[in-house]
2 protein chains.
Amino acid sequence: MKTKSQKLGIYNSFSLNEAKINGGFWNERMENNRKKTLPAILDQLEKTGRVEALKQNWKPGQPNRPHIFWDSDTAKVIEGCCYSLATNDDEKLEKKVAEIVDLFASAQQPDGYLNSYFTTIEPGKRWTNLRDNHELYCAGHVIEAAVAHFNIKEDTSFLDIACKYADYIESVFGRKRGQMRGYPGHQEIELALVRLYEATKKKRYLKLAQYFIEERGRKPNYFDKEAAKRGETPDTNNPHRVYEYTQAHLPVREQTKPVGHAVRAVYLYIGMTAVAIATDDKTLLNASRRLWKEMISRYIHISGGIGQTLRNEGFTTAYDLPDESAYLETCASISMALWGMKMLETELNSTYSDVIEQTLYNGILSGVSLDGTKFFYGNPLASYPGFNGNGTFISDDYNYRRNDWFECSCCPTNITRLIAQIPTFLYTANDSLIAVHQYADSEVNFTPNDIPVKIVQETDYPWDGKILISVLPEQTASFTVALRVPGWCKSATLKINGRKPKSAYNIIMGYIRIQRKWEKGDKITLTLSMPVERIEANPNARQNPDRIALKRGPVVYCLESADNGRGLNHIYLPLDPEFEVSESTSGSIKGIPVIKMKAYRKKTPAKNDPLYSPLGSWSYAKCSVTAIPY
Amino acid sequence: MKTKSQKLGIYNSFSLNEAKINGGFWNERMENNRKKTLPAILDQLEKTGRVEALKQNWKPGQPNRPHIFWDSDTAKVIEGCCYSLATNDDEKLEKKVAEIVDLFASAQQPDGYLNSYFTTIEPGKRWTNLRDNHELYCAGHVIEAAVAHFNIKEDTSFLDIACKYADYIESVFGRKRGQMRGYPGHQEIELALVRLYEATKKKRYLKLAQYFIEERGRKPNYFDKEAAKRGETPDTNNPHRVYEYTQAHLPVREQTKPVGHAVRAVYLYIGMTAVAIATDDKTLLNASRRLWKEMISRYIHISGGIGQTLRNEGFTTAYDLPDESAYLETCASISMALWGMKMLETELNSTYSDVIEQTLYNGILSGVSLDGTKFFYGNPLASYPGFNGNGTFISDDYNYRRNDWFECSCCPTNITRLIAQIPTFLYTANDSLIAVHQYADSEVNFTPNDIPVKIVQETDYPWDGKILISVLPEQTASFTVALRVPGWCKSATLKINGRKPKSAYNIIMGYIRIQRKWEKGDKITLTLSMPVERIEANPNARQNPDRIALKRGPVVYCLESADNGRGLNHIYLPLDPEFEVSESTSGSIKGIPVIKMKAYRKKTPAKNDPLYSPLGSWSYAKCSVTAIPY
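Since this is a predicted model, take the numbers as computed values, not measurements.

### Concerning the overall build of chain A
Along chain A, the regular secondary structure elements total 16 helices and 20 strands. Relative to the globule expectation of 25 Å for 630 residues, the C-alpha radius of gyration of chain A, 25 Å, shows essentially globular dimensions. Burial analysis of chain A (630 residues in total) assigns 61% to the buried set. Taking as baseline every contact in chain A between residues at least 6 positions apart, the subset at least 24 positions apart corresponds to 68%.

### Some remarks on the sheet that holds strand β1 (residues 12–13) of chain A
Working definition: the strands of a sheet are paired by backbone hydrogen bonds and lie parallel or antiparallel to each other. Residues and elements named next belong to chain A. Sheet architecture is open: 6 strands sit in the order β1-β3-β4-β8-β11-β10, paired in mixed fashion. The strands lining the two open edges of the sheet, one partner per strand, are β1 and β10 (507–508). Alignment of strand β4 (residues 433–436) against strand β8 (residues 477–484), held across 4 bridges, turns out to be parallel. When the bridges of β8 are listed, Ile434 appears paired with Val481. Along the sheet face, helix α14 (residues 350–364) touches β8 and β11 (511–518) and points at about 55° away from the line of β8.

### With respect to the pairing of strand β4 (residues 433–436) of chain B
Residues and elements named next belong to chain B. Burial of β4 is two-sided: the residues Leu433 and Ala435 facing one way and the residues Ile434 and Val436 facing the other way are all buried. With 4 bridges joining them, strand β3 (residues 427–430) and β4 adopt antiparallel strand pairing. Across the sheet, residue Ala429 finds its bridge partner in β4, namely Ile434. Once β3 ends, the chain turns through 2 residues before running back antiparallel as β4.

### As for the packing of helix α11 (residues 262–279) of chain A against helix α13 (residues 330–344) of chain A
Residues and elements named next belong to chain A. The interhelical angle for the contact between α11 and α13, taken along N-to-C directions, is 15°, at an axis separation of 9 Å. Considering their axes alone, α11 and α13 lie roughly parallel with respect to each other. For the crossing formed where α11 meets α13, the hand is left-handed. Where α11 abuts α13, its residues Ala262, Val263, Val266, Tyr267, Tyr269, Ile270, Thr273, Ala274 and Ile277 lie against Cys331, Ala332, Ser335, Met336, Leu338, Trp339, Lys342 and Met343.

### What about the environment of Phe150 of chain A?
Residue and element names in this part refer to chain A. By secondary structure assignment, the location of Phe150 is in helix α6 (residues 135–153). Linking Phe150 and Ala435, residues 285 residues apart in sequence, is a C-alpha distance of 27 Å. Leave out the neighbours within four places in its chain, and Phe150 touches Asp155, Thr156, Leu159 and Ala199.

### So, the interface of chain A and chain B
Facing the 64 residues of chain A at the interface are 64 residues of chain B. Our count for the contact surface shared by chain A and chain B stands at 4 salt bridges. Among the salt bridges present, the one from Lys602 of chain B reaches Glu536 of chain A, with a minimum N-O distance of 3.1 Å. In this structure, the connection of chain A to chain B is made through 34 residue pairs in polar contact (both at pLDDT 80 or more). Looking at the side of chain A that touches chain B, the elements that each hand over two or more residues are α12 (282–298), β13 (532–537) and β19 (612–614) of chain A. Examining the composition of the side of chain A that touches chain B, we find that 5 residues originate from one element, β13 of chain A, more than from any other. Residues belonging to the side of chain A that touches chain B are distributed by class as follows: 25 nonpolar, 21 polar and 18 charged. As defined by bridge partners, β13 of chain A adjoins strand β19 (residues 612–614) of chain B across 3 bridges and the pair is classed as antiparallel. The partner of Glu536 of chain A across the bridge, within β19 of chain B, is Ser613 of chain B.

How each quantity is defined
The numbering scheme is per chain: residues are counted from 1 as the chain's sequence reads. In the order they appear in the text, chains get letters beginning with A and ligands get numbers beginning with 1. Where totals are concerned, whole chains, interfaces and linings use all residues; where local detail is concerned, this predicted model gives features only for residues with pLDDT of at least 70, and gives and counts side-chain atom pairs only at 80 or more. Processing note: side-chain calculations cover all non-hydrogen atoms of the structure and skip hydrogens and water entirely. Under the scheme used here, helices are H or I runs from DSSP no shorter than 4 residues and strands are E runs no shorter than 2 residues, and both carry numbers assigned from the N terminus. We compute the radius of gyration from the C-alpha atoms alone; for a globule the expected value is 2.2 Å times N to the 0.38, where N is the number of residues. Burial here depends on accessible area, computed with a 1.4 Å probe over protein chains only, as a share of the maximum for the residue type. Under 20% is buried, over 50% is exposed, and the range in between is partly exposed. Any two residues whose heavy atoms approach within 4.5 Å at even a single point are treated as in contact. Whether two strands pair comes down to DSSP finding at least two bridges between them. Inter-axis angles, ranging from 0 to 180 degrees, are taken between N-to-C directions of lines fitted to C-alpha atoms, where helices are fitted over the stretch in contact. Oblique is the label for any angle not covered by the other classes, which are roughly parallel (under 35 degrees), roughly antiparallel (over 145) and roughly perpendicular (65 to 115). Note: crossing handedness is left-handed where the near helix turns anticlockwise from the far helix by less than a right angle, and right-handed where it turns clockwise. The salt bridge definition used is simple: a Lys or Arg side-chain nitrogen within 4 Å of an Asp or Glu carboxyl oxygen. Nitrogen and oxygen atoms within 3.5 Å of one another constitute a polar contact, given that in protein one can donate a hydrogen and the other can accept it, and given that sequence-neighbouring residues count only through two side-chain atoms. All amino acids are sorted into three groups, where Ala, Val, Leu, Ile, Met, Phe, Trp, Tyr, Cys and Pro are nonpolar, Asp, Glu, Lys and Arg are charged, and the leftover types, Gly among them, are polar.

By themselves these figures say nothing about function.
Structure below.
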């Protein structure tokens, strides 16, 4: 637990050394990530030439021509490896990380610059197209990886590389004479620089992050200026292709709704929040809060996914919530969880933790297959035949499915580093309070007023709503335990040491706050009632006026044709359905609760039945339906 | 009425000299087209440089750089002008046509080649990229315009140009030594060459059409060969980008379902049908029939529009019938009507004429505004906020709307030539039968066994189902009058000279056939019952399982927010709605029947109402709803 002096960052998050998953749902996902996903992705990094690219010896005619994104992929995987090493020793993995860090070292130029694409392929083009070329984005991921490496390994070898690169970047960009007044087309470095500042305490990194954030959206637009310098006509015909797309349409403090590319947007918002906290900047934090509220009130899908369309990989209009054409990139869901955690440092409010939960269980996890080796880039709410996730028509009988890898593989590399850091999403604390945001079989150590306390959660969440929390102070200690009552939960019961509290606890901003003198072995039992709920969308959402979503606890359920045959859209629930929740007895989801119900469906048409007919031409038959977690 | 010797083309269609609209619905549309649309489009041709381009004196740096499509736009408008001149004298228009024909003459190269783009901009690139460059497509439209000019004006000035160009094309393409084995990436010339053959009786044009049709889809693929010649890697990764997109994935006789770009596909099918008829090729006709059946059973929208998606401007999978994202290009609807007419030459079957009606009243007419000066390119079934028809995000409050013109303006130029030739869609005939396919205030002259007969229709169709047909032979004549009973009509009553026929007429393939000795002044009264119908889609169509379409007669109705406020998707009809049909009393649709009904709608949400809530959170209120013709 870091100690903060800022006024805005009143809660601290925990590192992987302090918070641990002990078992249950997330243990399985993390083990899977460690044993299957990470090795599969490391293998892809090698196979596709991403690691080799760092040797900077690619020659025309050879396969695996380096690409502008590649360093970010490699860096994200190293970051994931470091998180994994924090929870599980693995000599082989440690060696692999050391090897790749050495390659990053060898790829660094004398001046500090580090980008395998530009050094090898376009050496003269450094910083000539910040709008499209992802150099500062890649730099951000290298920095994040180095910070993770430093935090876990207590070794500065990678951090030194990152600092040297950041120092160089700081010399290039800024408002001083001779410096470039640019900022990244794809945000990421802003939040990374704040992390570098936290790791090194060097203020110049924070100031550089602040500069990138404050400079964005100033007029005349930097991307137009650099385009003109390249001899190109700025694409001013359609500002949405440039300004909104990169959130450079307005100074960040004036931005009031999410626009453009979703991942870029939220990486910016995380950076804004991080800078606001680190610099005690209330108005910048308010801008971030305004954007959060707008996002979750009008732009987020029920899965916690964001970025409604493939067209700009981002936002469209408020309340536009399509099913099939929903894009909802895995990276965007991940960014929402990371943003939520940053916001939770500033206030104890379940608006953040509810969304983190929503996206962790639905929008993020859907991005990786149960076996951990196949990935979604977009996570639509309904499968559609014919097209792949990039909108390319494959064949009539093609169904949208997970892939081993992508040419642009930001999502697989992002999800592996996200799952490896799950324990950091569970708790925040300060000197007098510990907040339990996410329920999971886990433990955390914290020290209110210098008294070491261990908190242990035992639960089968999210499949069961009962959570047993043991409070284990080394000596009697007075502090508050705050427990989130999820927004979806209509009935929560609390017992302390087996007894109902004498007076009912108020729920403040979504949290029950239990303030008392805790004795070693005090036990809190929280039971969240978890019936199957039918959820409908706000009528401002024009899609799906006649559909409901099935949810149980935080988990959105879905129908698959594997269980229910084809024609899922023609299944109709009765007005008062009876839901039967039982553990699946077979296949990859054995033991997981599934929802069964009686329903109706339209008769399956014969081959030559007409395409259009008067209402009533199709009869309905009773059927049994099984829903499984999305 | 042309006389045919072929075995397959057993019915003839009528020219604009033989069939005329006298009043009513189509008269208004044609007058509008003549007085508003044609002048507006001619003006755009001038303003945008399309006419100027034919002077072939564009220089770099000047505005209005010629484009590969442009000659086709100009040619289609000339074709439309000629049809208009066939029905209405107009000295000014005649002069304009002559001017532009002179420009086409001046643009023709000594060898016959005629393309303002390639001659001016890329003189060395002639025929180097048949896949993308639309040269043969433009040639086809020049030929069609010349044939129209010849048919109307009995003057060969434009026809000679077209023949010279076609002769040159015939020397370039074919299977002889030294010839190119290519075929167009965008079909059109096939059907145009058959028209040129019919106008000139020169077999070589028919043979060239036949060659283009038979060569398509042979392996190795020609487009790959020419790409290799250009030094490009053929795009074999995704065959749908090339082979299916251009219907070059298989020899045409082996094609069984519509694929790829919709307009290209149907122009090919029209060409196949025309060649099949002109060469008595039964297997080729069967291929065309198979494609028709597949199209109307699984691919056509309720508006008669085809080509489900913008992604390939064409077909996706069977039963994929989206509303908002439906593309349904105006040109594709037009092509369906033209194909249907060609098919009607081969059999008297309302499968063709029903679709022609469906697309004329819905998918085609939606492409032009009531005032005749604004156009849709795509014709989605529901408006969606934010994006324009090309999928480009404009702004939050942008709503899909008609435009004055497009960079690629095939649709406005196509719809003006289509509406100008409406009378040709009404009737077909042979020596012993005249078929009335479309009901409209109109007349036609035909000559069964050399006896001149005039048929006059009086009707307020499509707003009223009563049709009065006067049969006016110069002397008593024995022949059959066949009247289509539309597929949507559940009850048709027939009277001849005011009396019900003694025995009920059978309906054969959708037509009542009345065979008798006709006396001058015999009157047929056909009354088609036209209640409001609620139509539902085949359950194989996954979209809209809970929605109905409102139709009255052939006209699909829709709800607009102008009449009904926002939130159209949250309007619910009762199980047994009462529809009230009344004439609109105001605005641009004054006098046109609108449908009113009582319905329910969800309460309008407040600004901060949640995005998702348990079922039942939203109450319903009664409301009145007005539907107007789509």
